[in-house]
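If you want the building blocks of each chain, they are given just below.
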Amino acid sequence: MDEAMVSAERWRGQVRARGSIEQDREALARLIEYDHDPFETELYESFSDPQNRLVDRAERSYAGQYDRRLRRLRERARHAEVDE
């Protein structure tokens, strides 16, 4: 694997490993109701920003699509080896 592929795999792994911005937003909303911390409020506002939510959704979608594509390519290669 070359450096670009390793970097891409690492990025996709990080995207899969982190929670979605929606989950974080909901957790922050519960925390704000509990203690009204200004820092948590600022984070909640950032996570509620439509642009940030759109970017998070797009990153997660892209990573998932690419992983599905790689699985399909591996399956095709495996079936091609069996057919030969």
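Residues numbered from 1 in each chain as written. Predicted model: local features only at pLDDT ≥ 70, side-chain atom pairs only at ≥ 80, totals over all residues. Heavy atoms only, no water.

**Q** Account for the environment of Asp67, naming residues and giving values.
**A** Inspection of the secondary structure assignment puts Asp67 in helix α4 (residues 50-83). The buried category is assigned to Asp67, whose relative accessible area is 13%. Each C-alpha atom, one on Asp67 and one on Asp37, is 38 Å from the other, the two residues being 30 residues apart in sequence. Not counting the four nearest positions on each side in its chain, Asp67 is found in contact with Arg12 and Arg16. Here Arg12 takes part through its side chain, which lies 3.3 Å from a polar atom of the side chain of Asp67. (Helix = DSSP H or I, 4+ residues; strand = E, 2+ residues; numbered from the N terminus. Buried < 20%, exposed > 50% of the residue type's maximum accessible area, 1.4 Å probe, protein only. Contact = heavy atoms within 4.5 Å. Polar contact = N/O pair within 3.5 Å; in protein donor to acceptor, adjacent residues only side chain to side chain.)

**Q** Describe the packing of aromatic side chains, with residues and values.
**A** Throughout the structure, instances matching the rule amount to 2 aromatic pairs. Seen from their ring centres, Trp11 and Tyr62 are 6.1 Å apart, and the 55° between their planes marks the pair as tilted. One end of the pair, Trp11, is in helix α1 (residues 3-17); the other, Tyr62, is in helix α4, and 51 residues separate them in sequence. When its relative accessible area of 30% is taken as the criterion, Trp11 is described as partly exposed. Here Tyr62 falls in the partly exposed class, since its relative accessible area comes to 48%. Relative to Tyr66, the ring of Tyr62 has its centre 6.3 Å away and its plane inclined at 25°; by these criteria the two rings are stacked. Taken together, the residues Tyr62 and Tyr66, both in helix α4 and 4 residues apart, mark about one turn of the helix. (Phe/Tyr/Trp six-rings, centres within 6.5 Å; stacked < 30°, edge-to-face > 60°.)

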